[in-house]
Every structure is written in C-alpha cells, then in structure tokens.
Amino acid sequence: MGIDHNSQEAVDLLESTFSSWDASGDGTISKSELRNVLVRLGITGENVDVLFKSMDTNHDGKVSYTEFIAFLYKGTPAAMTLDPRMAAKTVDEAMDRIYEFMSDKKGEEKDNDKTFTDKDIFEMLDLNGNGKVSISEFIQGLRSMEVNGSRPFTAHEFPDSLLHKVFKLLLKAKKKDLESKALSLKSFKTFLAHEQEE
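Residues numbered from 1 in each chain as written. Predicted model: local features only at pLDDT ≥ 70, side-chain atom pairs only at ≥ 80, totals over all residues. Heavy atoms only, no water.

Colleague: Could you give me a rundown of the overall build of the protein, with the residues and numbers involved?
Modeller: A count of helices and strands for the protein gives ten helices and four strands. In the protein, the succession of α and β elements from N to C terminus is α-β-α-α-β-α-α-α-α-β-α-α-β-α. The proportion of buried residues among the 198 residues of the protein is 37%. When contacts within the protein are restricted to residue pairs at least 6 apart in sequence, those whose partners lie at least 24 apart make up 48%. For the protein, the accessible area works out to roughly 11,600 Å², and carbon and sulfur atoms hold 53% of it. (Helix = DSSP H or I, 4+ residues; strand = E, 2+ residues; numbered from the N terminus. Buried < 20%, exposed > 50% of the residue type's maximum accessible area, 1.4 Å probe, protein only. Contact = heavy atoms within 4.5 Å. Areas by Shrake-Rupley, 256 points an atom, 1.4 Å probe, with all protein chains shown as cover.)

Colleague: I'd like a description of the nonpolar core, backed by residues and values.
Modeller: Ile98, Met102 and Phe138 are the most contacted members of the largest nonpolar core, which has 28 residues in total. At the level of elements, helix 6 (91–107), helix 7 (118–125), helix 8 (135–144), helix 9 (160–172) and helix 10 (185–197) are the ones that each hand at least two residues to this core. Every residue in contact with Phe138, bar those within four places of it in the chain, is listed here: Ile98, Leu125, Val133, Leu163, Val166, Phe167 and Leu170. Core analysis: the second largest hydrophobic core is formed by 14 residues, Phe18, Phe52, Val63 and Tyr65 among them. (Core = buried A, V, L, I, M, F, W, Y, C linked by side-chain atoms within 4.5 Å.)

Colleague: Tell me what's going on with helix 9, and back it up with residues and numbers.
Modeller: Compared with the 18 Å implied by 1.5 Å per residue over 13 residues, the 18 Å span of helix 9 between its first and last C-alpha is a close match. Every buried residue belonging to helix 9 is among Leu162, Leu163, Val166, Phe167, Leu170 and Leu171, and all of these are buried. (Expected span 1.5 Å × (residues − 1).)

Colleague: Could you give an account of unusual backbone geometry, naming the residues involved and the relevant values?
Modeller: We note that His59 has phi near 55 degrees; this positive angle belongs to a residue other than glycine. Here His59 is to be found in the loop between helix 3 (45–55) and strand 2 (62–64). Given a relative accessible area of 61%, His59 falls into the exposed group. The backbone of Asp113 shows a phi angle near 65 degrees, a positive value even though the residue is not glycine. Within the secondary structure, Asp113 sits in the loop between helix 6 and helix 7.

What follows is the structure, given as structure tokens:
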C-alpha cells in the first residue's frame, strides 16, 4: 500500500528523491542527471529524451522541483499541493493568496450561468448558515472549497496555524464589535475590497 501523498513522509520522500537525482545540487535536474538515474533503471536513452521533454514544461533545459512534482502527479491536485515552495509562509502572503483564489472563484460560473458573488463565497464559509463565520468554519470552509476544479486550501499550503493568524487579522480589521469571534458578510466584503485595492 502506498503512502498518503498529503503526509510529511511523502513530502520527505519526494524531496530526498529529487535531491538524489540532482547530483550537482543546483536545485534542478539536468538531462544528463535524469539520464544517469533512468539508464540505471533500465530506461533507454531515447526514452529519457522523451521523458525529459515532457518534464521540462518551460523548456529551459532543466527540471525544477515544481516540474518534477507536476510530472509525477500530472492531472491531480497533488501536483500543486506537494511542492513545499508553494506553501504560504507569512500571514500577508496567505492573505494575498486567499484573495487570489477568492477572485478566481468569483470568475467561475454557477449552475445558472452567473458567476459567484462575495455573498456566495461567504455562504460557502458560513457552514451553519447563521450569518457569521467562526474560525472553525473559516478553516473547514476553505478546505472544502473548490476553485477551478481543485481544492487549493490544503493543510500543506495553508497550515491551520497560519489560517488562525489570517482569521485573527481579519477580525482585527473590523471597526465595530471588536469582541466578536466571528466574521460577518460585511467584514468579509471589506477584506475582499481592501485586498483588491492593494
């Protein structure tokens, strides 16, 4: 049985595999480095060329870690979620990326040929339908939200601890009712409008 691709064990295995294939240690896999590994595995030179061409998607003559992951998990959401360089590292970075995904979501069409609104997205986060989003709803709602056919708010890319900080920052941005532990639609719209201005 294989390991869970969302586990730290999988990430560690992928990073160590990439590092061992990157014999020069420059952070990329060259065609000769790929050839050395694959020929030892019994793959012929001409097949190495075909594989390298399909892995090197930006055609710069080397395979980055992102291209390596995308090739291994081609067509799956794991292609993006496993790249440790894709993980948000700061609250500001996470807020920017959440805003970008929300903007992408607003560009998607609903079943009735209309696009999603701020209110629609807020309602996706307001899991109990009470008009307020708590911290647990915020995290759970983001984790279950699909944007362009995938779920971008993975625990790998947006750890719970970081989402807690984002939520606290959103609450601090509220002018009224500072004691509240929940986000209203008005506060959510203010966040989206403020991020759009920056």
